[in-house]
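Next come the chains, spelled out residue by residue.
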Amino acid sequence: MSELQRLRADHDAAVLAFELANRAYFAASISDRGDAFFEQFAERHSAMLAQQDAGTDTYYVLVAEDGSILGRFNLFLVGGGTANVGYRVAQHAAGRGVATAAVRELCRLAAVDHGLRTLRAAASHDNAASRKVLTRAGFAPVGPAAPADLGGKPGTWFQLGLGPVIRSTGAG
């Protein structure tokens with residue numbers, strides 16, 4: 001069984017392996033990260049952890065039982081209780097509901113653990129799988145996404161209202 005875990009320093013090798021193994025697959029539907037991303041991965045990973053510690057962004061990885069990474073799921077905080085969502089799933093895990101389940105869990109964590117009220121995500125017009133994941137997770141299209149929002153590709157912004165968070169007190 002896979003588990004959505006907050007990004008940690010010890011995830012570095014598994015995340016890099018995930019990115020390298022799926023680079024061509026990802027580049028078919030989203031912008032390629034470029035060679036510099038891989039050459040400077042250790043610095044980038046450390047920077048992400050620093051951003052997470054500072055509370056500006058939050059990063060999660062979907063970890064398989066064997067410790068490999070099946071996907072990355074990110075919350076980029078934009079203020080006012082809103083975050084932009086980004087995600088990518090390994091090619092071998094695609095089409096099995098893995099992304100949808102993890103995005104749903106990310107939405108729960110966004111509300112409960114991070115106090116967010118609204119999530120937004122952009123998906124390019126040629127990324128039908130991502131649009132399907134967002135729709136199945138409860139997001140609704142709200143308007144066009146500029147090519148600058150999607151690495152040069154036109155697309156659509158999707159949004160999900162998380163509503164008020166009601167935490168159980170344990171009393172009953």
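Numbering of residues starts from 1 in every chain and runs along the sequence as written. Residues qualify for local features only when their pLDDT is at least 70, as the model is predicted, and side-chain atom pairs are given and counted only at 80 or more; totals for whole chains, interfaces and linings, by contrast, use all residues. To obtain the side-chain values, all non-hydrogen atoms of the structure were included, while hydrogens and water were left out.

Enquirer: Tell me about the overall build of the protein, and please be specific about residues and values.
Expert: Per the convention used, a helix needs a DSSP run of H or I reaching at least four residues, while a strand needs a run of E reaching at least two, with both numbered from the N terminus. Helices and strands together make up the secondary structure of the protein, namely six helices and seven strands. Element order for the protein, N to C, with α for helix and β for strand: β-α-α-α-α-β-β-β-α-β-α-β-β. In this setup the radius of gyration rests on C-alpha atoms only. A globule is expected at 2.2 Å times the number of residues raised to 0.38. Taking 16 Å as the expected radius of gyration for a compact globule of 172 residues, we find that the protein reaches 16 Å, a close match to that expectation. Considering only C-alpha atoms, the protein reaches an extent of 55 × 35 × 30 Å along its principal axes. Categorising residues by exposure relies on relative accessible area from a 1.4 Å probe, with only protein chains included: less than 20% of the type maximum marks a residue as buried, more than 50% marks it as exposed, and the intermediate range marks it as partly exposed. In the protein, which comprises 172 residues, the share counted as buried stands at 42%. Per-residue and other accessible areas were derived by the Shrake-Rupley procedure at a 1.4 Å probe size, with only the shown protein chains allowed to occlude residues. When the accessible surface of the protein is split by element, carbon and sulfur atoms take 53% of a total near 8,900 Å². Charge counting follows a simple rule: Lys and Arg are positive, Asp and Glu are negative, and His as well as the terminal groups are ignored. A charged residue contributes its charge at one atom only: NZ of Lys, CZ of Arg, CG of Asp or CD of Glu. Here the protein holds 17 positive side-chain charges and 16 negative ones, and the gap between their average locations is 10 Å.

Enquirer: A description of helix H1 (residues 12–21) should follow, citing residues and the corresponding values.
Expert: Among all positions of H1, only Val15, Phe18 and Glu19 are buried. In a view along the axis of H1, the buried residues occupy a sector of 95°, so they form one face of it. Of the exposed residues in H1, the ones pointing more than 90 degrees away from its buried face are Ala13 and Ala21. Directions pointing from the helix axis toward each C-beta atom define the arc.

Enquirer: Break down the packing of aromatic side chains for me, with residues and values.
Expert: Only rings of Phe, Tyr and Trp enter the pairing, Trp through its six-membered ring, and a pair is recorded when the two centres are within 6.5 Å. The plane angle decides the type: under 30 degrees is stacked, over 60 is edge-to-face, the rest tilted. Under the counting rule described, the total for this entry stands at three aromatic pairs. Both rings, one in Phe18 and one in Phe26, keep their centres 5.5 Å apart while their planes meet at 55°; by these two values the pair is tilted. Phe26 carries the same exposure label as Phe18, and that label is buried. A centroid spacing of 6.1 Å and a plane angle of 10° characterise the contact between Phe73 and Tyr87, whose relative ring orientation is stacked. Of the two residues, Phe73 sits in strand E3 (residues 69–79) while Tyr87 sits in strand E4 (residues 82–89), which places them 14 residues apart along the sequence. This pair shows no difference in class: Phe73 is buried, exactly as Tyr87 is.

Enquirer: With reference to specific residues and values, describe the pairing of E4.
Expert: The element E4 is largely enclosed, with a buried count of eight among its eight residues. Judged by which residues are buried, E4 turns out to be covered on both faces: Thr82, Asn84, Gly86 and Arg88 on one side and Ala83, Val85, Tyr87 and Val89 on the other are all buried. Sheet analysis places E3 next to E4, joined by eight bridges and oriented antiparallel. In the strand pairing of E4, Leu77 is matched with Ala83. Inspection of the sheet shows E4 paired to strand E5 (residues 118–124) by three bridges, in the parallel sense. Within the sheet, the bridge partner assigned to Asn84 lies in E5 and is Arg120. Between the parallel pair E4 and E5, the chain is carried across by helix H5 (residues 98–112), and the sense of this crossover is right-handed. Strand pairing follows a simple DSSP-based rule, namely that at least 2 bridges must link the two strands. Orient the strands so they point away from the viewer, and a crossover whose first-strand-to-second-strand path over the helix runs clockwise is right-handed.

That's the geometry; what it means functionally is another story.
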